[in-house]
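Working through the structure, step by step
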4 protein chains.
Amino acid sequence: MNKSITLGPLGECRMETPLKSRTYVRDDTRVLVDATTSPDGVHPKAETLELAGPRRCIHFDPTEVVAGIVTCGGLCPGLNDVIRALTMVLHDRYGVRRILGFRYGYEGLIQTYGHDPIALTPELVEDIHNDGGTILGSSRGRQDTNDIVDHLAAQGVRMLFTIGGDGTQRGSSEITAEVRRRGLDIAIVGIPKTIDNDVNYTERTFGFDTAVAMSRAPITGIHKEAQSVRNGVGLVKLMGRESGFVAAHASLASSDVNLVLVPEVPFTLERLFDYLEKRLTKKSHAVIVVAEGAGQAYVQSQGNDASGNVKFGDIGLFLKQAISNHFEALGTPAYMKYVDPSYIIRSAPATANDSVFCFQLGAHAVHAAMSGRTGIIIGLWNGHFVHVPVEKAVEQRKCINPDGLLWQAILDNTGQPANLS
Amino acid sequence: MNKSITLGPLGECRMETPLKSRTYVRDDTRVLVDATTSPDGVHPKAETLELAGPRRCIHFDPTEVVAGIVTCGGLCPGLNDVIRALTMVLHDRYGVRRILGFRYGYEGLIQTYGHDPIALTPELVEDIHNDGGTILGSSRGRQDTNDIVDHLAAQGVRMLFTIGGDGTQRGSSEITAEVRRRGLDIAIVGIPKTIDNDVNYTERTFGFDTAVAMSRAPITGIHKEAQSVRNGVGLVKLMGRESGFVAAHASLASSDVNLVLVPEVPFTLERLFDYLEKRLTKKSHAVIVVAEGAGQAYVQSQGNDASGNVKFGDIGLFLKQAISNHFEALGTPAYMKYVDPSYIIRSAPATANDSVFCFQLGAHAVHAAMSGRTGIIIGLWNGHFVHVPVEKAVEQRKCINPDGLLWQAILDNTGQPANLS
Amino acid sequence: MNKSITLGPLGECRMETPLKSRTYVRDDTRVLVDATTSPDGVHPKAETLELAGPRRCIHFDPTEVVAGIVTCGGLCPGLNDVIRALTMVLHDRYGVRRILGFRYGYEGLIQTYGHDPIALTPELVEDIHNDGGTILGSSRGRQDTNDIVDHLAAQGVRMLFTIGGDGTQRGSSEITAEVRRRGLDIAIVGIPKTIDNDVNYTERTFGFDTAVAMSRAPITGIHKEAQSVRNGVGLVKLMGRESGFVAAHASLASSDVNLVLVPEVPFTLERLFDYLEKRLTKKSHAVIVVAEGAGQAYVQSQGNDASGNVKFGDIGLFLKQAISNHFEALGTPAYMKYVDPSYIIRSAPATANDSVFCFQLGAHAVHAAMSGRTGIIIGLWNGHFVHVPVEKAVEQRKCINPDGLLWQAILDNTGQPANLS
Amino acid sequence: MNKSITLGPLGECRMETPLKSRTYVRDDTRVLVDATTSPDGVHPKAETLELAGPRRCIHFDPTEVVAGIVTCGGLCPGLNDVIRALTMVLHDRYGVRRILGFRYGYEGLIQTYGHDPIALTPELVEDIHNDGGTILGSSRGRQDTNDIVDHLAAQGVRMLFTIGGDGTQRGSSEITAEVRRRGLDIAIVGIPKTIDNDVNYTERTFGFDTAVAMSRAPITGIHKEAQSVRNGVGLVKLMGRESGFVAAHASLASSDVNLVLVPEVPFTLERLFDYLEKRLTKKSHAVIVVAEGAGQAYVQSQGNDASGNVKFGDIGLFLKQAISNHFEALGTPAYMKYVDPSYIIRSAPATANDSVFCFQLGAHAVHAAMSGRTGIIIGLWNGHFVHVPVEKAVEQRKCINPDGLLWQAILDNTGQPANLS
């Protein structure tokens, strides 16, 4: 059991928890990363993750601690749910009285921007989960790590919850390192935010369920549009920079899609046209779902955005034009109907399912921070909430396996050829 | 009462209706176009419209008549509701047994296309109103009037219901004329289909209520997006080629919009930027709703589409870029969030309200055709369904009056300046 | 033009309006109650209603006036929209600075209850239309008119907006009379609130559109339940104390209903069973929609509620049991599925359509009060907003005409016999 | 690894699969029931479940096999999704050409009922997932096992998919035993259907996600109702006969609930009143969610239903009356608002999330049957689809652990006392 992922505990246990919980988690309970077994059984050094949950002994004194919350990057359904859950559990369960909501992402952690933090209270956050967006505001991009740590220290913040994606968690990791270097007693706990559901060591990320749910109506609509004319081709662009989970799940859910294009499975225009021609001849209409990160070989990159992410070329507009041109040239014009509902999806309030998940994520993040964990994110793995070291989490992305059962389900559901390149 | 709009009855009353209705409409009951009065009372020659409804005496023998239905142009919520209502009332109330659903718009009325019509029955149409789109398919554009009348005659069609917009109804009018010229006994009754709600002599057109309802979520989403960053500008493009009713009503309904741009109210970029700068300085975010036909002076026309409509330049993409450039140049970049949800809206199933309206439209169209009316469309005016001569209906479009109470409500609701040009 | 409905103007025009409106309504423009004409034309003494809208000359000085708003009776979708609209138009358009939201219905107008009013501001009401319910709270029942007028006078209220049903408007009428008796300069303007849509001289009341929209899912669900078993009978109870408009429109919208029972059309159990037996034999399932006020002959009244309304016996539970017993006795048990979604419907946020309507109602109520109108409610008639004297409005209820086109549409749509008694 | 759950394979592998899958599952790969580890590691005899998925070698010849599908018991969202998935995967992936949809539950498997099965094809099932209910119909209750096996044999059915709850799966188990006794080569594979999510060895059951999602609006509505009056008490009854998962998750999702009552946590009326009194004094309103199986000590059982389930007394109506009486007696009447939305929830179409899950369940059920598995149900465990022996699955119910983290989250979220009895 040694090779398991290890945690970076901030410091020792200092006081008994004020929680009136009926159950506490032991520090030595861990969750297997791989729950399958072969005839040889489970390898004794199989990789494991620390189980999340309330500890009987905690590190910070809730009556004194100052907590901070920051939301970074693009919108994702559930942000307000997480802010609400953190605030409620900090306040109502641990008795923390000073909770600062930093404004506009990491900008809010830099003094010179002058964004005053919001004092978060149960009254203030009570109903925010009914709305999409984030009451704290957000921003993209990095800020100076030293300045951030200066500001945290100046404000007396002892635990910071960072709700954000890859870039945010890398920043989080650097803040943790600087905090350690200075010997400060500040815990940094991340809640991974990616609508793409592409974080390692967590089965799901919040907002993903909502994204899939919200993608259904656009697909159904485009299907109706495509069906209503001869040679109608509907095209929906969905989220998915490096992983096509939203496109895949939304397509499975609607069962109206004839072609799913994701970053993990390359395609050539020739093969795509070939398939489309056959489909139109046979059925007179077709529906395509494309993840934003698919087919990037065909579109010019637009540089980097403020978060340091590559700005993808617009594969949706490209395909719309390319398909249109192709069938025009063939003499059998296709009626293209295109929709890019991304902003409608990202800004939606969370589904019930995501709301429950967000509440649990928030609660576990608070338990982790109170117990002195730092440099971790909260994940869900094999049915348990776990602590994942942030470096481990950002090491590589979770992707669709083109040889796995999910992609096979897509092939079955759409009828598209396994090989498009 | 002479100057009133006159109807083109196809022919005389020939048999008693088989309807078991509790009420019949008299032919001499009319509806005032203007229901307001001044101290002088109502002018004796005030314009009126013929009241719609079942007649005691009808023109066609239901046991022999063949009815046809055709849907033309772009999708609009409620198409299937209307097809269903026509079929149900023809079949169940009058006992008509042969109802042909022509495929793919006016193409289906041209023999050489070879689109076989669908035999419509109550069983077939029972549940179609739960889906958006049209089960008949559609197409844009004109077809030869002579060929259409040849085909109608060959198929023995005695009443044709044309569900379509402006172009369709003009076509309808030409078919009516040709039918008259040939002395045929075929009634042509139109159900105006424009999601823009811009038909004269009808308070509403089907699909409009759904369009407004479906526009709410995109506006709310874009509002959340704009609010979530500093200098966030959200932009939603909605339907509205020559009339901005959808944009206006959707903005009133959401009350999150700061600027509504419609075709009826000109604007200059300078004034628009000016207002936006003030708004961003004060509130740090702004939401704009633009009707597709607004600001066409700024965008190059793209020629005509198959229906003969001018293909508008894309004012949405234009504004997105122009606003982005402007604030970039000012040194205070705006974060633009843009969505064009048109295809999601057009393909949606009808709201309950629209479903009820579609059922009534369909029923009145059948009553009109059975009684031998032709060359008319069904409208709703001053609370009554009426027969509107098709020439009258297409003469000019219903538009927002920039000096009227609706636009004033927009000014009040958004805070935008009355004059933007 | 003499026999027209006359208004009770509070007093003379005293100052020019501060409004920057592009249009003003003249006091002598009226709307015909009946917009149809016969060959004889319009009778010169035809009944008319005063046109609503902003006046150039107003009665109250906006900089000094104190306005009050009260919501009474049961919940209805759109209450918050109306509160929001009143506040926005009073504040932003007229510049009124003191707007009191009285708590818990007429209780809030009685000093001894000790409910402090809420100071309403644009910031406070900005987003309330996204929620159902009423931020002011409500209550049922009458309060002493003298005490109310004492309280209004003590608080310096010069215009009171009463949002409520029949009972509320009768109260409103008594307050108006007492105000007049005392020679006070206080305007009372009502916004009729009845989800049943049964107010005379207004084509619609707010909340009705939402009620119909929200009734669709329960009907569809019960339809699926009934279809899923042999001899399945689904029963949905909807709102409608004396008028069955909600039941009728919801049934038309869903087109899944086989029997609609409304207060206006009597039925006997014998005929109902008879029809049901035939239906089940033929189709093996049936869906019934019953308005709460239907068939009251069969259920014992439960006395009166606090509003003075008769507490109806529960026709839903009664029918569920009666039908169950009947088919049990026949030896062919029916599987009854019953749902009463009233509270889910009444508490829903308004549809887009209702939201627009509520904004307009609120605006016109403000214009009316500012111009010194009192003792009126705002209605919508023949496409125009109008002032309806409150006595006129509460004189009798708007009902479904069993011989009219709406009920005929129900007969056509459901296949139920015209005569069930 | 010996103590693991064992499967009942029907027979040997007989032919290579016609599937063109990129991946096949090995028969010796299993999934640990408990994925957590202690410092001692994983016990070598830890309980495991067989991994589901396509096998390279199958038992039945798809070109000859006849498959049957039956849906039993009450409605549950996703039934049509599962029927659709089974049909699609059988037909499109394995090439099975004869798929029988038995009507009205186990009745359809008894010849004397005379319900002809429906021939299921891709065309027929293509769009059924958009509707709630089951196109096959259902019924409650047991049928004679011998008669069922006779009928299966007579119809040549070689694999039967039973979609149903506890009672259905017990029946399934008896059919399996009788099939074995007779030495027939018929595979019986179950897909557990319980909206309550109370089946052992599966993390979720289909329909549960939809039930939670659909419970949100009623809770929000009742919350608004309760808030709108002084001493308002809202009560929502939800599904949950022996397990309160729907009530718990729906309450967490809405975060508007002040008291959750589930079968697993006993309560007394005294403690409940006590809590309610305090809550009303402090906040003037309260929202209660009660699972149908909670507090059964207070309500008289109503005998058994056709499925053999105890017919619960109506705890919802009981509490409504009891709370009403209590506060009436106290002299501070509570305004009770009660809703039981069960039929609206059960008959709803599946959420996107449930649709994806149903597709996967159906696919794995087909893979299992084709490979000759019998006497199993399909479960999801630790992120993998698994085969669970039906006896194991029905042995005991999955329940909320009152000492676990889920119930603790409820206590935190609602503020209700841990001990109510």
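Quick caveat: nothing in here was measured; it's all calculated off a predicted structure. (Residues numbered from 1 in each chain as written. Chains lettered and ligands numbered in written order. Predicted model: local features only at pLDDT ≥ 70, side-chain atom pairs only at ≥ 80, totals over all residues.)

What follows covers the sheet that holds strand 10 (residues 159–164) of chain D. Sheet strands pair via backbone hydrogen bonds, and the direction of the pair is either parallel or antiparallel. Strand order in the open sheet formed by 10 strands is 4(A)-3(D)-5(D)-18(D)-17(D)-11(D)-10(D)-7(D)-8(D)-9(D), and the pairing between neighbours is mixed. Pairing within the sheet leaves two strands with one partner each, and these edge strands are strand 4 (36–37) of chain A together with strand 9 (118–119) of chain D. Direction of pairing for strand 7 (residues 66–71) of chain D relative to strand 8 (residues 98–101) of chain D: parallel, over a ladder of four bridges. Bridged to Val66(D) within strand 8 of chain D is Arg98(D). (Pairing = 2+ DSSP bridges. Helix = DSSP H or I, 4+ residues; strand = E, 2+ residues; numbered from the N terminus.)

Residues and elements named next belong to chain B. Of all the six residues making up strand 11 (residues 187–192), six are buried; the element is thus mostly covered by neighbouring parts of the structure. Burial along strand 11 is two-sided: Ala187, Val189 and Ile191 facing one way and Ile188, Gly190 and Pro192 facing the other are all buried. Sheet analysis places strand 10 (residues 159–164) next to strand 11, joined by six bridges and oriented parallel. Across the sheet, the residue bridging to methionine 159 is alanine 187, located in strand 11. The sheet contact formed by strand 11 and strand 17 (residues 376–381) spans two bridges and is parallel. The partner of glycine 190 across the bridge, within strand 17, is isoleucine 377. (Buried ≥ 20, exposed ≤ 12 C-beta atoms within 10 Å, placed from the backbone.)

Residue and element names in this part refer to chain A. Sheet architecture is open: four strands sit in the order 13-14-12-15, paired in parallel fashion. Whereas interior strands pair on both sides, the edge strands pair on one side only; in this sheet they are strand 13 (259–261) and strand 15 (335–339). Here the strands of the sheet are splayed against their neighbours by 15 degrees on average, with no regard to which way each runs. Looking at chain direction, strand 12 (residues 232–238) and strand 15 are connected through five bridges and run parallel. (Axes fitted to C-alpha atoms, helices over the stretch in contact; angles between N-to-C directions.)

Facing the 26 residues of chain A at the interface are 26 residues of chain B. Sorting the residues of the side of chain A that touches chain B by element identifies helix 5 (208–227), strand 15 and helix 9 (342–346) of chain A as the ones contributing at least two each. It is helix 5 of chain A that contributes the most residues to the side of chain A that touches chain B, seven residues altogether. Taken together, the residues that form the side of chain A that touches chain B break down as 11 nonpolar, 10 polar and five charged. (Contact = placed C-beta atoms within 7 Å. Nonpolar A, V, L, I, M, F, W, Y, C, P; charged D, E, K, R; others polar.)

At an RMSD of 0.0 Å, chain A and chain B line up after a rotation of 180 degrees and a shift of 0.0 Å along the axis. Here the symmetry operator amounts to a two-fold rotation axis. (Least-squares fit on C-alpha atoms with pLDDT ≥ 70 in both.)

In this section: the arrangement of the chains. The two units chain A and chain C never meet; even their closest C-alpha atoms stay 10 Å apart. In this view chain B stays clear of chain D, with the nearest C-alpha atoms of the two still 10 Å from each other.

Let's shift gears to the relation of the copies chain D and chain A. Take chain D, turn it by 180 degrees, move it 0.0 Å along the axis, and it overlays chain A with an RMSD of 0.0 Å. When the interface residues of chain D are mapped onto chain A, 100% of them again fall at the interface, so both copies present the same face.

With that settled, consider the interface of chain D and chain A. Of the residues lining the interface, 53 residues belong to chain D; the matching set on chain A comes to 53 residues. Per element, the largest residue contribution to the side of chain D that touches chain A is seven residues, and it comes from helix 10 (residues 352–370) of chain D. Class assignment of the residues belonging to the side of chain D that touches chain A gives a composition of 21 nonpolar, 22 polar and 10 charged. One ladder, built from two bridges, connects strand 4 of chain A with strand 3 (residues 30–32) of chain D; its direction is antiparallel. Counted as the bridge partner of Thr36(A) is Val31(D) from strand 3 of chain D.

What follows covers the environment of Ser251(C). Residues and elements named next belong to chain C. Along the polypeptide, serine 251 turns up in helix 6 (residues 245–254). Of the residues examined, serine 251 has 31 C-beta atoms within 10 Å and is grouped as buried. Between the C-alpha atoms of serine 251 and alanine 211, which are 40 residues apart in sequence, the distance is 12 Å.

Before going further, it helps to examine the domain arrangement of chain A. Interface size is commonly expressed as the accessible surface area that is lost when the partners come together. Residue and element names in this part refer to chain A. Each assigned domain of chain A is listed with its residue range as follows: domain 1 (8–205 + 348–395) and domain 2 (208–346 + 402–414). The straight-line distance from the C-alpha centre of domain 1 to that of domain 2 is 34 Å. Taken together, the contact pairs 21 residues of domain 1 with 21 residues of domain 2. Residues belonging to the side of domain 1 that touches domain 2 are distributed by class as follows: six nonpolar, nine polar and six charged. (Domains from an automatic or database assignment.)

Below, the discussion takes up the nonpolar core. Soluble globular proteins tend to pack their nonpolar side chains together in the buried interior. With 540 residues, the main nonpolar core has Val246(A), Val246(B), Val246(C) and Val246(D) as its most contacted residues. Contacts of Val246(D), omitting those with residues within four sequence positions, involve Ile195(D), Asp196(D), Phe208(D), Ala211(D), Val212(D), Ser215(D), Leu238(D), Met239(D), Gly240(D) and Ala291(D). (Core = buried A, V, L, I, M, F, W, Y, C linked by C-beta atoms within 7 Å.)

Once that is clear, we can look at the packing of helix 6 (residues 245–254) of chain A against helix 10 of chain D. Two numbers describe how helix 6 of chain A lies on helix 10 of chain D: the axes approach to 8 Å, and their chain directions differ by 80 degrees. When the interaxial angle is binned, helix 6 of chain A and helix 10 of chain D end up roughly perpendicular. Only Ala352(D), Ser355(D), Val356(D) and Phe359(D) of helix 10 of chain D make contact with helix 6 of chain A, whose side of the interface consists of His249(A), Ala250(A), Leu252(A) and Ala253(A). Its residues placed into classes, the contact of helix 6 of chain A with helix 10 of chain D shows six nonpolar, two polar and no charged. (Parallel < 35°, antiparallel > 145°, perpendicular 65-115°, else oblique.)

In this model, helix 1 (residues 79–94) of chain A (16 residues) spans 22 Å end to end at C-alpha, consistent with the 22 Å of a helix rising 1.5 Å per residue. Where helix 1 of chain A terminates, the next one or two residues include Gly95(A), which has phi positive at roughly 85 degrees. (Expected span 1.5 Å × (residues − 1).)

Attention now moves to the environment of Val388(A). Residues and elements named next belong to chain A. Of note, valine 388 is situated in strand 18 (residues 384–389). Taking the C-beta count within 10 Å as the criterion, valine 388 has 25 such neighbours and is therefore assigned buried. Setting aside residues no more than four positions away along its own chain, valine 388 makes contact with Leu49, Tyr201, Thr202, Ile376, Ile377, Gly379 and Ala393.

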